[in-house]
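Analysis of the macromolecular model
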Amino acid sequence: MRLPKGPNSLPHHTIFHHLLIVSLLLIKLSNPTSSQPMTVKVGFIFDPASPPGMIANTTIPMALDDFYTANPNSANRMSLLTRTSPGSDIVTSASAALELISQEKVHAILGPGTSPESAFVADMGTKAKVPIISISSTSPSVSHSHSPFFIRAAANDTTQASAIAALVKAFGWRRVVPIYQDDDYGSSLIPYLVDALDNVDAQMPYRQSIPLLANEDEIDTILATLQNEQTRVFIVHMRVALATKVLALARNMGMMSNGYVWILTDGLTSLLRWLPEESVEGVLGLTQYYPMTDRLRKFKTRWTRHFLKDYPKEDPEVAQTLSRYAIWAYDAVWAMANASEHVKQIDNKFANSTNGSTDLSSMGASTTGDDMLQAILNTTFKGLGGEFKFVNGELDVSVFYIVNVNGGKGRTIGYYTPKYGLSKKFPVESNASYSTSRDDIGPVIWPGESTVQPKGWVLPTIGRKLRIAVPGPVQEGFKMILDMETDNTTNQTTATGFVIDMFEAAVEKLPYALPFEYIQVLHVKYDDLVKMIGNGTYDAAVSDMTITYNRSKDADFTLPYMASSLSMVVPVRNERSKNAWIFLKPLKVDLWLGSFAFFVFTGAVIWCLEHRINDEFRGPPSNQLGTTFYFAFSTLVFSHRETIVSNLSRFVIIIWVFVVLILQSSYTASLTSTLTVQRLTPTFADIHELLMSGKNIGYLEDSFTKDFLKRTGFVENRLLPFKSPDSYEEALSNHTIAAVVDEAPYLQVFLNKYCDNYTMVNLPNKTGGFGFVFPRGSSLVTDLSRAILNITEGDESTRIMQKWFGEPLSCPPQDSPLSSHSLDIVSFWGLFLITGATSLFCCLIQLALFLKENRHHIRNITSINSFRRSLRSVARLYDEKDLSSHTFRKSQPSSPYNFGSSPYNFQPDTPMSISNHSGGGPFSSEQMSPVTDEAEMRGNSINETPNHGSA
């Protein structure tokens, strides 16, 4: 159906065009941001007279310009609303923040400048849901966890505590004193610093706060007090204004000279140019590390120009160094500008607010606050200082420069990172380990232009001395252990003895001065003295105090400076043996049996070597056996008379006689010792034997030994107390007591004087040794224990002991080395090995010669006989005289046929009977016929010359 066309009707395409224009206009009106960026109001509160405030005032406008120059198409634009807070006044800052929130409806606030201000403003921002971004509040007292809308675009002061501790550890200082501003900024770092120092075994003996508004006289008084104390290592943590006065006055008082150490925290080190150059010469400092990039270098040049333009009256030197505050402010602005781009809806609405009201209860809450907060916290980018990101609402800052100030400039001497500790270079190699070594820091020029590292302490001129309790009076016999005397004329007390020397030697090893004075405490039991130390009556006790479990409940003990154990002294008795068989004692059974075996073995060897060529070793078997044994055992007294004709035998006898000489000498010496030397043994070998005896026991009066004896089973009426070594000896000699049970050092003193008739028997019970006593938790316990280890591991403790106790006496104790002991075969196995090897060697030589000379005869015997018959025939052959020997050639007639020398009667006319004298023996193969049976051998032996005849 077609619509009729009237005279005023419009074409269809014209109507459509008009509708399109109207729609576009409506869309344009409903989305104004499409034509112009939304304004993000940001308040800025700063102190125009403080260095951080001046730096931020120059930096923030530059950051805004740089951001929007780099991002011209930004959807939102930050508008800075500046408010000042002269003197960093909390009330002024709070008033400015309230006005910005209630009236200006800001979306966020930069500042204020100090931690006390930030703490108050952060609470306001949290209530109004307005993010508070701090660029100079570094105190841990205000945090994102406490105030969720507080964001720290700066470092937390706690991150530098471990860096300071590592520096202290590297130089070996054990005590440091912080000087800090008496407000929230200064005091909040101290607990973290204490913990960090404790981790490196350093202490903070005292701390010094200085009010922000203190005048010069007040500061002089404080510094004079510090100057009179012993510690010379100071950590300065305060704002520039107060630090300028303190450091200048310290210099005037001579505290910037040799021997002093000053360490500046990050807040001051980053503003070195704002401090008087002459007041910081030689100090150490640490500040946040930033990589020097081209962008940062160019920005520094522009920033210096802008700062001098903004503050033409300021010293140009302060603009030559780009402070951390400038980097933090610049990156914080970029973070806020980036975050505003990611907020979906920007408006100035505050829920439940009263327009124009400055009442805290009527501030209301920003409707965009939550989105703005999350956008800021999630912002990450490459900033001037490197990677910018928030961790738990604050910047992640962990790397520090370590600088030494020379000529007003900070010279980098090292770096610190939580993972690797100290290092000379950064970045650190990935395989490096954590270090607090002095070698990982460069050379330092100290105050006073000294290159010698200060030890960090001096003897104090004032201050309370440590009150050291010394028990007394000491009995005469034990004064070498501990003694204390008071001069009646001067009323001066002098302490001497082994214990005193050990304590003073340990004090000298401490890395700081320890002023003390001895106070004599008369007639007090050691258990009571420990309790007096625990309740603070005295600061310490130096004595021969044994460390026990019960005593450790009331006080702390150092490591023992002298080891100790329970022992007992008993009389000795001589147990010289009157046994009829005492002559057997010098040698143990194994040596007796071994010696007998080698006597028999040597006799057998001599028979083997001599019986074929020596008539004295021939004859019937019984005669040969008797001769062999007689010869062997007669060598014991060197009375053998048999003639030895073989050189091999002579060699064997020479070695054997030497062995016999050693055995005889050792036996004689041991037997003489057994018969003449006293064998001193204790009357009681152990505590249980003493317990069963029913006799009385002595112990040192007021000693814990009594409790030990009662626990062992001794009844109290058997325990008698004594006070001195002389009383010990008197009671032992008149048999009042059978033994004295005490700690080894006391008994050693007794034995040094009465050595001849007594000996010490060690008991299995150990004690903790002697230690020095201090109150529970005293830091001196660790330091003195380390010093005691230094002494006892070296020669110093030995020298002190020799000074007071002398050289150890040769008092024969139980099982004295003077007592004789039986000898065993282990001591002579080398001699037996030599003589045995020699004998076997000579036998082998003689057997080889026999086999060589009679090889043809032996071959004929073994070729037709069984092994058993062959062996018997060879043995008979070996038992015969060797007529070829020079001992027989002199007495036998020279004949080509000598048949009387053989048991086998061969006929000279047979082919096998021709004697071959050149063969070296009467049984050559040419003259010996095979023997087939035993009867024939016996029948042929009728012509044998008797072995025991005239030969």
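These numbers were taken from a predicted model, which means no experiment stands behind them.

Another point: the side chain of Gln203. Locating Gln203 in the fold gives a position in the loop between helix H7 (190–199) and strand E7 (208–210). A polar contact of 3.2 Å, which involves the side chain of Gln203, links it to the side chain of Asp783. If we skip the residues at most four places from it in the chain, Gln203 touches Arg174, Arg175, Val176, Tyr512, Ser779 and Asp783.

With that settled, the discussion passes to the environment of Leu272. Along the chain, the position of Leu272 falls in the loop between helix H10 (266–269) and strand E10 (284–288). A relative accessible area of 9% places Leu272 in the buried class. Remark: the alpha-carbon pair of Leu272 and Val318, spanning 46 residues in sequence, is separated by 8.3 Å. Each residue touching Leu272, except ones within four places of it in the same chain, is listed here: Leu264, Val405 and Gly410.

Moving on, we come to the packing of helix H8 (residues 216–228) against helix H9 (residues 240–252). Their axes nearest at 10 Å, the elements H8 and H9 cross at an angle of 55°. Relative to H9, H8 is oriented oblique. With respect to the hand of their crossing, H8 and H9 are arranged in right-handed fashion. The residues of H9 that touch H8, namely those facing Glu216, Ile219, Asp220 and Leu223, are Leu242, Lys245, Val246, Leu249 and Ala250. Counted by class, the contact of H8 with H9 contains six nonpolar, no polar and three charged residues.

Turning to a nonpolar patch on the surface, a few remarks are in order. On the surface, a nonpolar cluster with roughly 410 Å² of combined accessible area is contributed by Trp581, Phe583, Leu584 and Trp592. With respect to the element layout, Trp581 can be found in the loop between strand E26 (565–574) and helix H17 (589–610). Judged by its relative accessible area of 56%, Trp581 falls in the exposed class.

Note on helix geometry: an α-helix contains 3.6 residues per turn, so any two residues three or four positions apart are oriented the same way. Here H17 spans 32 Å end to end across 22 residues, near enough to the 32 Å set by a 1.5 Å rise per residue. Listing the buried residues of H17 in full gives Leu591, Gly594, Ser595, Phe599, Thr602, Gly603, Val605, Ile606, Leu609 and Glu610. Residues of H17 that are buried in the fold lie against helix H18 (621–634), helix H19 (647–676) and helix H26 (829–853).

Here we take up the pairing of strand E21 (residues 483–486). With four bridges joining them, E21 and strand E22 (residues 493–496) adopt antiparallel strand pairing. Counted as the bridge partner of Asp483 is Thr496 from E22.

One rule of thumb: low pLDDT means the predicted coordinates there are not for detailed reading. In this model, the chain carries an average pLDDT of 82, and 85% of its residues clear a pLDDT of 70 or more. Predicted confidence for residues 1–10 stays below pLDDT 50, and this span has one contact to residues more than four positions away or in other chains. In the predicted structure, residues 894–951 sits below a pLDDT of 50 and forms 90 contacts with residues beyond four places in sequence or in another chain.

Moving on, we get to the packing of helix H27 (residues 855–864) against helix H28 (residues 867–879). In the contact formed by H27 and H28, the axes pass within 9 Å of each other and the chain directions differ by 155°. Relative to H28, the element H27 is oriented roughly antiparallel. For the element pair H27 and H28, the recorded crossing hand is right-handed. Of H28, the residues touching H27 (which contributes His857, Ile858, Ile861 and Thr862) are Ser870, Ser873, Val874 and Leu877.

To continue, consider the pattern of salt bridges. One pass over the structure, following the stated rule, counts 21 salt bridges. For Arg551, the salt bridge identified is with Asp527, shortest N-O distance 2.7 Å. In this pair, Arg551 sits in helix H16 (residues 549–552) while Asp527 sits in helix H15 (residues 526–534), placing the two residues 24 residues apart along the sequence. The partner of Asp726 in a salt bridge is Lys753, and the shortest N-O contact between them spans 2.8 Å. Of the two residues, Asp726 sits in helix H22 (residues 725–733) while Lys753 sits in helix H23 (residues 744–753), which places them 27 residues apart along the sequence. Taking relative accessible area as the criterion, Asp726 reaches 37% and is therefore assigned partly exposed. Sharing partners across several salt bridges, the network here consists of Arg174, Asp201, Asp783 and Arg786.

For the coordinates displayed, the defined rule picks out 42 aromatic pairs. Seen from their ring centres, Phe171 and Trp446 are 5.2 Å apart, and the 80° between their planes marks the pair as edge-to-face. Taken as a pair, Phe171 in helix H5 (residues 161–171) and Trp446 in the loop between strand E19 (421–423) and strand E20 (466–472) lie far apart in primary sequence, 275 residues in all. For the residue pair Phe171 and Trp446, the accessibility class agrees, reading buried in each case. Ring geometry for Phe750 and Tyr754: centres 5.3 Å apart, planes at 40°, overall tilted. With respect to burial, Phe750 and Tyr754 carry one shared label: buried. Taken together, the ring pairs connect Phe478, Phe498, Phe503, Phe516, Tyr518, Tyr561, Tyr746, Phe770, Phe772 and Phe805 into an aromatic cluster.

On to unusual backbone geometry, then. Along the chain, Gly111 connects to Pro112 via a cis peptide bond; the corresponding omega equals -5°. Mapped onto the elements, Pro112 comes out in the loop between strand E3 (108–110) and helix H4 (115–128). Residue Glu449 is not a glycine yet carries a positive backbone phi of 55°. Along the chain, the position of Glu449 falls in the loop between E19 and E20. Look at Glu449 and you get exposed, because its relative accessible area is 66%. The backbone phi angle of Asp702 is positive, close to 65°, even though this residue is not glycine. Among the structural elements, Asp702 can be located in the loop between strand E28 (697–700) and helix H21 (705–712). When its relative accessible area of 48% is taken as the criterion, Asp702 is described as partly exposed.

Spatially, the eight strands line up as an open sheet ordered E7-E6-E8-E9-E10-E17-E18-E19, and their pairing is mixed. Only two strands of the sheet have a single partner each, and these edge strands are E7 and E19. For this sheet, the mean inter-axis angle between neighbouring strands, taken without regard to orientation, is 25°. Bridge count for strand E9 (residues 261–264) against E10 is two bridges, and the pairing is parallel. By the bridge assignment, Ile263 is partnered in E10 with Leu284. Sheet contacts for H8: strand E6 (177–181), E7 and strand E8 (233–237); angle to E7, the most-contacted strand, approximately 170°.

Parameters and conventions
Residues numbered from 1 in each chain as written. Predicted model: local features only at pLDDT ≥ 70, side-chain atom pairs only at ≥ 80, totals over all residues. Heavy atoms only, no water. Helix = DSSP H or I, 4+ residues; strand = E, 2+ residues; numbered from the N terminus. Polar contact = N/O pair within 3.5 Å; in protein donor to acceptor, adjacent residues only side chain to side chain. Contact = heavy atoms within 4.5 Å. Buried < 20%, exposed > 50% of the residue type's maximum accessible area, 1.4 Å probe, protein only. Axes fitted to C-alpha atoms, helices over the stretch in contact; angles between N-to-C directions. Parallel < 35°, antiparallel > 145°, perpendicular 65-115°, else oblique. Left-handed = near helix turned anticlockwise from the far one by under 90°. Nonpolar A, V, L, I, M, F, W, Y, C, P; charged D, E, K, R; others polar. Patch = residues over 30% accessible without salt bridge, like charges linked within 9 Å, V, L, I, M, F, W, Y side chains within 5 Å. Areas by Shrake-Rupley, 256 points an atom, 1.4 Å probe, with all protein chains shown as cover. Salt bridge = Lys/Arg side-chain N within 4 Å of Asp/Glu carboxyl O. Expected span 1.5 Å × (residues − 1). Pairing = 2+ DSSP bridges. pLDDT = per-residue confidence, 0-100. Phe/Tyr/Trp six-rings, centres within 6.5 Å; stacked < 30°, edge-to-face > 60°.

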